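Listed here are the chains, written in short residue letters.
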Amino acid sequence: MDVQAETPPVRQGVPTKVAILGAGRGGTALLDLLHQINTIEVVGIADRDPRAPGLQRARELNIQVALHAGDLIANHGVNLIMDVTGDPEMEQYIRARKRPDAEVLTGSASRVLWELVRYEAKLQAELFHAEKLAGIGSFAAGIAHDINNPLQLILGLAENLMDERDPDLVRAQARDIAEAVKRTSAICRDLTTYSRRATSLQPVTIPVNGKLDEALKIARYALSFHDVTVVKRYDAGPVVTGNPDELLHVFVNLITNAVQAMDRGGTLTLATSATDSAVLVTVSDTGRGIPPDSLPRIFDPFYTTKPPGKGTGLGLYNVKAVVNMMHGTIQVDTRVGEGSSFTITFPNSATAEKRP
Amino acid sequence: MEFKSDLFFGASTGNGRVLVVDDEPDIRKVVGMTLKKAGYDVLEAENGERAIEIINTGENRMMLDVVICDIRMPKINGIEAIAYFRSQYPRVPVIVLTGFPDTDMATSMLREGVVDYLVKPVEGEKLKAAVVRAMEQREIAHL
């Protein structure tokens, strides 16, 4: 059976219907947080500025967008109105227009909420970093292998050089030693880059193919790719907008999951493609697939099928959080015994910039 | 009863025949170099599957003295290959040479009858001493 999951909501009872007024930084952050919570349904977001960032974000999430608060709060059975406009007149306006049973969060209460949301975002960043560091623990075997092999070569050649008389051999072996040292130091450089805290700089344009290649290199330290064939199907030059360190981590996560699903070998396929509106990145394996009972939970925090101490259960959770933050979506196709395929759809930055 | 390989191949080798199993060509090259200089006849395999083929080929069934085997390898890995050697060729001592220092793994391998567990990088002298020791143990076991 072909199963598709876009994190199906597990809703118990009736969700709280929320309208957000104000689509600036505060409104956008609220939207990003609330739409991930299963018991909350964001029915819409309003801002009188049509270019407000939260409105664009809402369109990407298929959430209704309004330029007039009145349209939103009077309809849709809204239970809770969150006003983050900071506009004192808005409060009066809401009270006049809202349904009698709808609650309103405004003024300093909404300010406190905004602080909480910011705090949550900080925790999320910490969690992200913690998961990455926990993952690096599992790199130990791979790193030991990749460092100790060149060290064995260096030691063996150096011992041999002590009594090697042939000048051509001496030169060749000295060159081999130098090459081995360079390879070894490259490992440390790659891993230092990877383990550093994701910088919270402004989003930048990231070439996707290069980032996938970098992730592949990192993942090779984490696990054995023996008997795994890597196939790359890259479109030329797709770019996305976001934090390069975070995107690297997303790709490392998906690649390591894919390889771990193929204990007995198989094919790892990395594919990128671009349309006018979207950039698609697909990481596929020919591994064991995800059982139907696990599928709805794979993006949940702390959900893991690995033995205790082997997985944090935060990998795919963080993947989804980063993808959402980059205004993208993630979808999985899986067949038990045949493999899984994770597809991330990002807005196309290259074409977005060209638009007026 | 055992025959020392140099009784048959005295011209080509001195001390015995060693099979080096490692997926890294660099390791096979450098370990091979050390052992050849010490007078051993060295065979190489890039994975467990190839190692099993080699040990089952012609005179190697009789003439192989020591196997030096990595753990992390493609196709048939070190653990599987060693299990095969131990069951099919119990007279051939196996030395593990691995990049990963893992005490649990070392313990279980020694329990499987591996004579030594060496972690890369290992000095030439230690490697040669381990091979000599392995061959002595084999002699004692078959006295």
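Residues numbered from 1 in each chain as written. Chains lettered and ligands numbered in written order. Predicted model: local features only at pLDDT ≥ 70, side-chain atom pairs only at ≥ 80, totals over all residues.

With respect to the overall build of chain B
Part 1 of the argument: The number of helices and strands found in chain B is seven helices and five strands.
Part 2 of the argument: When the helices and strands of chain B are placed in sequence order, the string is α-β-α-β-α-α-β-α-β-α-β-α.
Part 3 of the argument: Every one of the 143 residues in chain B was classed for burial, and the buried ones make up 43%. (Helix = DSSP H or I, 4+ residues; strand = E, 2+ residues; numbered from the N terminus. Buried ≥ 20, exposed ≤ 12 C-beta atoms within 10 Å, placed from the backbone.)

What to know about the overall build of chain A
Part 1 of the argument: Each helix and strand in chain A was counted, giving eleven helices and 13 strands.
Part 2 of the argument: Intrachain contacts of chain A at a sequence separation of at least 6 include 69% that bridge at least 24 residues. (Contact = placed C-beta atoms within 7 Å.)

Concerning the packing of helix H6 (residues 140-161) of chain A against helix H7 (residues 167-195) of chain A
Helix-helix packing is described using two parameters, namely the angle between the two axes and the distance between the axes.
Residue and element names in this part refer to chain A.
Part 1 of the argument: One way to put it is that H6 packs onto H7 with a least axis distance of 9 Å and a crossing angle of 160 degrees. The angle between H6 and H7 places the two elements in the roughly antiparallel class. Of the two possible hands of crossing, H6 and H7 adopt the one that is left-handed. From H6, Ile-143, Asp-146, Ile-147, Pro-150, Leu-151, Leu-153, Ile-154, Leu-157, Ala-158, Asn-160 and Leu-161 reach across to H7, where they touch Val-170, Gln-173, Ala-174, Asp-176, Ile-177, Ala-180, Val-181, Arg-183, Thr-184, Ile-187 and Leu-191.
Part 2 of the argument: Here the residues of the contact of H6 with H7 are counted per class, giving 16 nonpolar, three polar and three charged. (Axes fitted to C-alpha atoms, helices over the stretch in contact; angles between N-to-C directions. Parallel < 35°, antiparallel > 145°, perpendicular 65-115°, else oblique. Left-handed = near helix turned anticlockwise from the far one by under 90°. Nonpolar A, V, L, I, M, F, W, Y, C, P; charged D, E, K, R; others polar.)

Remarks on the sheet that holds strand E6 (residues 103-105) of chain A
Residue and element names in this part refer to chain A.
Part 1 of the argument: Spatially, E4-E3-E2-E5-E6 is the arrangement adopted by the five strands of the open sheet, whose pairing is parallel. Two strands lie at the open edges of the sheet, namely strand E4 (64-66) and E6, each paired on one side alone. Pairs of neighbouring strands in the sheet enclose a mean axial angle of 25 degrees, with direction left out of account. (Pairing = 2+ DSSP bridges.)

So, the pairing of strand E2 (residues 40-45) of chain B
All names here are of chain B.
Part 1 of the argument: In this structure, strand E1 (residues 16-21) lies alongside E2, joined through six bridges in parallel fashion. Each residue of the ladder has a partner; that of Val-21, found in E2, is Ala-45.
Part 2 of the argument: This β-α-β element, E1 to helix H2 (residues 25-37) to E2, shows right-handed connectivity. (Right-handed = clockwise from strand over helix to strand, strands pointing away.)

A closer look at unusual backbone geometry
Peptide bonds are, in most cases, trans, and in most cases residues other than glycine have a negative phi.
Part 1 of the argument: With an omega dihedral of 0 degrees, the bond running from Lys-120 of chain B to Pro-121 of chain B counts as a cis peptide bond.
Part 2 of the argument: Locating Pro-121 of chain B in the fold gives a position in the loop between strand E5 (116-119) and helix H7 (124-141).
Part 3 of the argument: Even without being a glycine, Asn-62 of chain A presents a positive backbone phi close to 60 degrees.
Part 4 of the argument: Here Asp-227 of chain A, not a glycine, exhibits a phi torsion of approximately 65 degrees, which is positive.
Part 5 of the argument: With respect to the secondary-structure elements, Asp-227 of chain A resides in the loop between helix H8 (208-222) and strand E8 (228-234).

Quick look at the interface of chain A and chain B
Part 1 of the argument: Contacts between the two partners involve 16 residues from chain A and, on the opposite side, 19 residues from chain B.
Part 2 of the argument: For the side of chain A that touches chain B, the residue count by class is six nonpolar, eight polar and two charged.

What to know about H2 of chain B
All names here are of chain B.
Part 1 of the argument: Between its terminal C-alpha atoms H2 stretches 18 Å, which fits the 18 Å expected from 13 residues at 1.5 Å a residue.
Part 2 of the argument: Those residues of H2 lying buried are Ile-27, Arg-28, Val-30, Val-31, Thr-34 and Leu-35.
Part 3 of the argument: Residue Gly-39 follows H2 closely and has a positive phi angle near 95 degrees. (Expected span 1.5 Å × (residues − 1).)

As for helix H5 (residues 107-137) of chain A
Residues and elements named next belong to chain A.
Part 1 of the argument: Taking 1.5 Å per residue as the helical rise, H5 with its 31 residues ought to reach 45 Å, and the 46 Å between its terminal C-alpha atoms agrees with that figure.
Part 2 of the argument: Among the residues making up H5, those that are buried are Ser-110, Phe-128, Glu-131, Lys-132 and Gly-135.
Part 3 of the argument: Here the buried face of H5 lies against strand E5 (80-83), E6, H7, helix H9 (244-260) and helix H10 (315-325).

Some details on the sheet that holds E5 of chain B
Residue and element names in this part refer to chain B.
Part 1 of the argument: With parallel pairing, five strands are arranged side by side in an open sheet as E2-E1-E3-E4-E5. On the outer flanks of this sheet lie E2 and E5, each paired with one strand and no other. The sheet shows a mean angle of 20 degrees between the axes of neighbouring strands, taken without regard to direction.
Part 2 of the argument: The sheet strands contacting helix H3 (residues 48-55) are E1 and E2, and the helix crosses E1 at an angle near 160 degrees.

Focus on the nonpolar core
All names here are of chain A.
Part 1 of the argument: With 43 residues, the main nonpolar core has Ala-215, Phe-251, Leu-254 and Ile-255 as its most contacted residues.
Part 2 of the argument: At the level of elements, H8, strand E9 (239-242), H9, strand E10 (266-274), strand E11 (278-284), H10 and strand E13 (339-347) are the ones that each hand at least two residues to this core.
Part 3 of the argument: With residues up to four places along the chain from it excluded, the contact list for Ile-255 reads Ala-215, Leu-216, Ala-219, Leu-268 and Val-283. (Core = buried A, V, L, I, M, F, W, Y, C linked by C-beta atoms within 7 Å.)

A look at the packing of H9 of chain A against H10 of chain A
All names here are of chain A.
Part 1 of the argument: For the pair H9 and H10, the least separation of the axes is 9 Å and the interaxial angle reads 140 degrees. Between H9 and H10, the interaxial angle falls into the category oblique. For the element pair H9 and H10, the recorded crossing hand is left-handed. Between H9 and H10, the residues in contact are Glu-246, Leu-247, Val-250, Asn-253, Leu-254 and Asn-257 and Gly-315, Val-319, Val-322 and Val-323, respectively.
Part 2 of the argument: For the contact of H9 with H10, a count of residues per class yields six nonpolar, three polar and one charged.

Section: the environment of Arg-86 of chain B
All names here are of chain B.
Part 1 of the argument: With respect to the element layout, Arg-86 can be found in helix H5 (residues 78-88).
Part 2 of the argument: On the neighbour-count criterion, Arg-86 (15 C-beta atoms within 10 Å) is partly exposed.
Part 3 of the argument: Spatially, the C-alpha atoms of Arg-86 and Gly-113 are 7.1 Å apart, while their sequence positions differ by 27 residues.
Part 4 of the argument: Setting aside residues no more than four positions away along its own chain, Arg-86 makes contact with Val-94, Glu-112 and Gly-113.

Observations regarding the pairing of E10 of chain A
Sheet faces and side chains relate simply in a regular strand, where the side chains alternate between the two faces.
All names here are of chain A.
Part 1 of the argument: As judged from the seven bridges shared by E8 and E10, these two strands associate in the parallel manner. Residue pairing across strands places Tyr-234 opposite Thr-272, the latter belonging to E10.
Part 2 of the argument: In the sheet, E10 pairs with E11 via six bridges, with the strands oriented antiparallel. Following the sheet pairing, Thr-269 is matched in E11 by Ser-284.

So, the confidence of the model for chain B
As a note on interpretation, predicted positions should not be read in detail where pLDDT is low.
Part 1 of the argument: In this model, chain B carries an average pLDDT of 86, and 87% of its residues clear a pLDDT of 70 or more.
Part 2 of the argument: Confidence estimates for the predicted assembly give a pTM of 0.64 and an ipTM of 0.82. (pLDDT = per-residue confidence, 0-100.)

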